[in-house]
Amino acid sequence: MPALTMNAHEAYGELIRIAREQSVLSSCADLLEWDEETYMPRGGVAHRAEQSAVLAGMLHERQTSARMGELLATLEASDLARGGDAPAAVNIRELGRLYRRRARLPREHVEEFARARTMAQQVWVEAREEMDFGRFAPWLETMVGLARREAGMLSAGGDPYDSLVEHYEPGMTTARLTALFGSLRAELGPLLGSIVGTRKRPRTAMLRREYPVDRQKLFAQAVAAAVGFDLERGRLDVAAHPFCMAIGPGDTRLTMRYAERSFGDGFFAMLHEVGHGLYEQGLPAEHYGTPMGMAASLGMHESQSRLWENLVGRSLPFWTHFYPRLRNVFHEALADVKVEAFFLAINRVEPTALRATADEVTYNVHIMIRFELERAMLSGALAPADLPGAWNEAYRRELGVEPRDVVEGCLQDGHWAEGLFGYFPTYTLGNVYAAQVYAASGNRDEAFARGDFSGLLGWLRDHVHTQGMKHPAPELVRRVSGREPDPGALVAGLRKKYGELYGL
Ligand code: ZN
């Protein structure tokens with residue numbers, strides 16, 4: 001039936017035009033958020049909350065318009081939808097999924113969420129400055145309430161937490177995550193125990209000597225460029241919290257944070273964001289604004305950042321190349337430090353209260369704690385006002401550490417202030433996916449030692465970045481690595497590396 005085929009093609013053309021326009025509008029909201037995190041004066045917060053709410057409402061109205069529904073209904077019944085993993089079939093599948101999700105949320109809710117989020121973030125910053133959880137508690141309660149309401153609107157029965165996770169990681173469920181964390185706990189607990197039991201404590205004092213910030217910035221730019229981040233199509237700025245924000249093709253923004261008397265934390269956070277940035281720069285620009293031009297999931301995004309931060313950036317071949325350069329730049333701090341000692345220092349395993357700077361072995365324990373606490377708050381089992389006590393108790397139980405104050409405790413992450421519930425598990429999924437993808441990419445140690453990262457980046461471009469949302473993340477991992485996502489590669493990699501480093 002040629003006439004119907006024509007109609008489907010026309011409908012598809014219109015759907016893609018609309019999707020692109022929505023992505024452009026959404027990127028304007030992103031740019032406002034980038035500005036909020038970098039340069040906006042504090043006095044701008046109330047007006048920014050209004051800007052964000054208006055944009056979120058406009059965007060939501062377009063994303064859930066009756067016309068979108070008509071186009072999708074036509075297309076889902078057409079041959080275009082049955083094209084397997086052809087771009088049109090992928091775009092119809094994913095735009096349909098997003099449309100149905102968004103259509104369950106009324107505009108008022110979306111606007112209220114956007115407005116509350118901007119205010120809650122600001123109060124979270126102030127509460128940290130004053131080390132006063134009580135100040136943030138009412139806003140945490142508001143955000144938990146909004147997330148619970150949203151989960152209720154989205155949920156089609158079953159665990160409401162599923163519908164929040166689904167937003168970030170399509171195809172992932174609470175049950176699967178619970179099983180994943182269970183096996184990680186069973187595997188990594190004994191590994192951590194035997195590392196701590198060796199009583200081997202690599203010296204790390206050299207990482208806290210004088211590292212002038214202007215030189216750290218230059219070194220960061222040089223490393224970012226050396227691993228393949230295109231500084232003509234992106235930039236690095238300073239912000240209170242490191243993040244990556246893709247504004248559009250040709251504009252990927254990363255933020256960093258440097259401290260004068262610390263090298264490792266800032267550097268690895270930078271490399272982490274560079275990993276996110278490389279994924280964004282590798283997405284197919286011709287599909288911009290459609291699912292084929294978007295990252296597969298947040299977990300897959302995190303796999304790219306963790307891969308560069310840990311699997312590449314904390315490896316000896318990486319530093320075989322970069323250490324002589326680092327020592328040139330910071331000769332006062334590192335003149336008497338050999339590469340082997342530096343390598344040990346950046347891989348020291350030690351249970352601490354802080355997630356962002358946690359080592360590879362303890363990192364997922366921090367995520368597990370958050371996974372359990374946020375589910376408890378959403379289910380009503382834990383009142384948001386009681387979070388500090390529950391938090392400290394979990395850290396004592398799981399890691400044997402006691403946060404010194406709320407900044408080191410439950411105010412350390414801004415995710416809940418942003419309304420990001422169901423988001424934390426994607427960090428652990430990122431570690432799991434990263435290990436599987438990296439193992440499949442082959443050994444390139446010799447190239448790394450020469451400072452050549454193009455082979456790995458090219459491989460990631462082909463197998464992950466250019467795939468967009470062609471496959472849901474778990475399926476993409478299976479295709480790339482030959483296995484369903486499971487912690488086997490992650491655990492094996494950690495056992496090998498830290499077994500050697502700690503002589504287990
Ligand atoms: Zn990340």
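In this text, all values refer to a predicted model and were calculated from it rather than measured experimentally.

**What about the pattern of salt bridges?**
Going through the model one piece at a time under the given rule, you end up with 41 salt bridges. Among the ionic pairs, arginine 62 bridges to glutamate 21, the shortest N-O distance being 2.5 Å. Of the two residues, arginine 62 sits in helix α2 (residues 45–63) while glutamate 21 sits in helix α1 (residues 2–38), which places them 41 residues apart along the sequence. Residue class for arginine 62 comes out partly exposed when judged on its relative accessible area of 37%. With a relative accessible area of 46%, glutamate 21 lands in the partly exposed category. The structure contains a network of salt bridges with shared partners spanning Arg176, Glu475, Arg478, Arg479 and Glu484.

**Section: helix α7 (residues 160–168)**
Among the residues of α7, Tyr161, Ser163, Leu164, Val165 and Tyr168 are the ones counted as buried. Residues of α7 that are buried sit in contact with α4 (87–103), α6 (133–154), α8 (174–197), α11 (298–312), α15 (363–379) and α17 (425–440). The N-terminus of α7 is capped by aspartate 159, whose side-chain oxygen sits 2.9 Å from the backbone nitrogen of tyrosine 161.

**Re the coordination of the zinc ion**
Here the zinc ion is held by His272 (NE2), His276 (NE2) and Glu302 (OE), and the distances to it run 2.1 to 2.2 Å. For glutamate 302, a relative accessible area of 4% puts it in the buried group.

**Quick word on the layout of surface pockets**
In this structure, the second largest pocket spans a volume of roughly 840 Å³. Lining the second largest pocket are 28 residues, and of these Leu311, Ser315, Tyr438, Gly493 and Lys497 lie nearest its centre. It is helix α21 (residues 488–501) that contributes the most residues to the lining of the second largest pocket, 8 residues altogether. For the lining of the second largest pocket, a count of residues per class yields 13 nonpolar, 7 polar and 8 charged.

**Some points on the packing of α11 against helix α19 (residues 454–463)**
Contact geometry of α11 with α19 gives a least axis separation of 13 Å together with a crossing angle of 155°. For the element pair α11 / α19, the angle class is roughly antiparallel. Regarding α11 and α19, the two cross each other, and that crossing is right-handed. Contacts from Gln304, Leu307, Trp308 and Val312 in α11 reach Leu456, Leu457 and Leu460 in α19.

**Focus on the domain arrangement of the chain**
Assigned domains within the chain: domain 1 (3–154) and domain 2 (174–502). For domain 1 and domain 2, the distance between their C-alpha centroids amounts to 26 Å. If you look at the interface, domain 1 gives 38 residues, while domain 2 gives 44 residues. Summed over both sides, the interface of domain 1 with domain 2 buries roughly 3600 Å², with 67% coming from carbon and sulfur. Among the residues domain 1 hides against domain 2, the three largest losses belong to Trp34, Trp124 and Phe133. Together they make up 19% of the total. Taken together, the connections running from domain 1 to domain 2 amount to 0 salt bridges. There are 13 residue pairs in polar contact (both at pLDDT 80 or more) connecting domain 1 and domain 2. For the side of domain 1 that touches domain 2, a count of residues per class yields 20 nonpolar, 5 polar and 13 charged.

**Points about the side chain of threonine 426**
Secondary-structure assignment places threonine 426 in helix α17. On the accessibility criterion, threonine 426 (3% relative accessible area) is buried. The contact partners of threonine 426, leaving out residues within four places of it in the chain, are Tyr168, Glu169, Leu298, Gly299 and Glu302.

**Quick word on the nonpolar core**
In globular proteins that are soluble, nonpolar side chains generally tend to be buried together. In terms of nonpolar packing, the biggest core is built from 122 residues, with Phe263, Phe267, Trp308, Phe318, Trp319 and Leu387 touching the most fellow members. Split by domain, this core shows at least three residues from each of two domains, domain 1 (3–154) and domain 2 (174–502). For leucine 387, the residues in contact, after removing those within four places along its chain, are Phe133, Leu140, Leu373, Met377, Leu382, Cys410 and Trp416. The next biggest cluster of nonpolar side chains, apart from the first, holds 16 residues, and it includes Ile18, Met68, Leu71 and Leu72.

**As for the pairing of strand β2 (residues 244–248)**
Note that β2 and strand β3 (residues 251–256) share 4 bridges and pair antiparallel. Its bridge partner being in β3, cysteine 244 is matched across the sheet by leucine 254.

**Considerations on the side chain of glutamine 412**
Here glutamine 412 lies in the loop between α16 (387–399) and α17. At 2.8 Å, the side chain of glutamine 412 forms a polar contact with the backbone nitrogen of arginine 355. Excluding its chain neighbours within four sequence positions, the residues that come into contact with glutamine 412 are Trp124, Arg128, Ala353, Leu354, Arg355, Arg370, Trp391, Tyr395, Val406 and Val407.

**Quick notes on the sheet that holds strand β1 (residues 234–238)**
Here we have 3 strands laid out as an open sheet, ordered β1-β3-β2, and mixed in their pairing. Edge strands, defined here as strands with exactly one partner in the open sheet, are β1 and β2. For this sheet, the mean angle separating the axes of adjacent strands, direction not counted, is 20°. On the sheet, helix α10 (residues 264–282) packs against β1, β2 and β3 and is oriented at approximately 170° with respect to β3.

**Looking at the packing of aromatic side chains**
The full count for this structure, using the stated rule, is 31 aromatic pairs. Between phenylalanine 267 and tryptophan 319, the aromatic rings sit 5.2 Å apart at their centres with planes inclined by 50°, giving tilted as the arrangement. One end of the pair, phenylalanine 267, is in helix α10; the other, tryptophan 319, is in helix α12 (residues 316–329), with 52 residues separating them in the sequence. Of the two residues, phenylalanine 267 and tryptophan 319, both sit in the buried class.

**Remarks on helix α9 (residues 213–226)**
The end-to-end C-alpha distance of α9, which contains 14 residues, comes to 20 Å, matching closely the 20 Å that a straight helix rising 1.5 Å per residue would cover. Among all positions in α9, only Gln216, Phe219, Ala220, Val223 and Ala224 are buried. Angularly, the buried residues of α9 cover 135° about the axis, an arc narrow enough to put them on a single face. Facing away from the buried side of α9 by more than 90 degrees, the exposed set consists of Asp214 and Leu218.

Scoring rules and cut-offs
Residues numbered from 1 in each chain as written. Predicted model: local features only at pLDDT ≥ 70, side-chain atom pairs only at ≥ 80, totals over all residues. Heavy atoms only, no water. Salt bridge = Lys/Arg side-chain N within 4 Å of Asp/Glu carboxyl O. Helix = DSSP H or I, 4+ residues; strand = E, 2+ residues; numbered from the N terminus. Buried < 20%, exposed > 50% of the residue type's maximum accessible area, 1.4 Å probe, protein only. Contact = heavy atoms within 4.5 Å. Polar contact = N/O pair within 3.5 Å; in protein donor to acceptor, adjacent residues only side chain to side chain. Donors = N, O, S within 2.8 Å, 3.2 Å for Na, K, Ca; no water. 1 Å grid on protein atoms, 1.4 Å probe; cavity = no way out; pocket = protein on both sides within 12 Å on 5 of 7 lines; lining within 4 Å. Points joined across faces, edges and corners; volume = space filled by probe spheres on them. Nonpolar A, V, L, I, M, F, W, Y, C, P; charged D, E, K, R; others polar. Axes fitted to C-alpha atoms, helices over the stretch in contact; angles between N-to-C directions. Parallel < 35°, antiparallel > 145°, perpendicular 65-115°, else oblique. Left-handed = near helix turned anticlockwise from the far one by under 90°. Domains from an automatic or database assignment. Buried area = accessible area lost by both parts, 1.4 Å probe. Core = buried A, V, L, I, M, F, W, Y, C linked by side-chain atoms within 4.5 Å. Pairing = 2+ DSSP bridges. Phe/Tyr/Trp six-rings, centres within 6.5 Å; stacked < 30°, edge-to-face > 60°. Expected span 1.5 Å × (residues − 1). Arc of directions from axis to C-beta.

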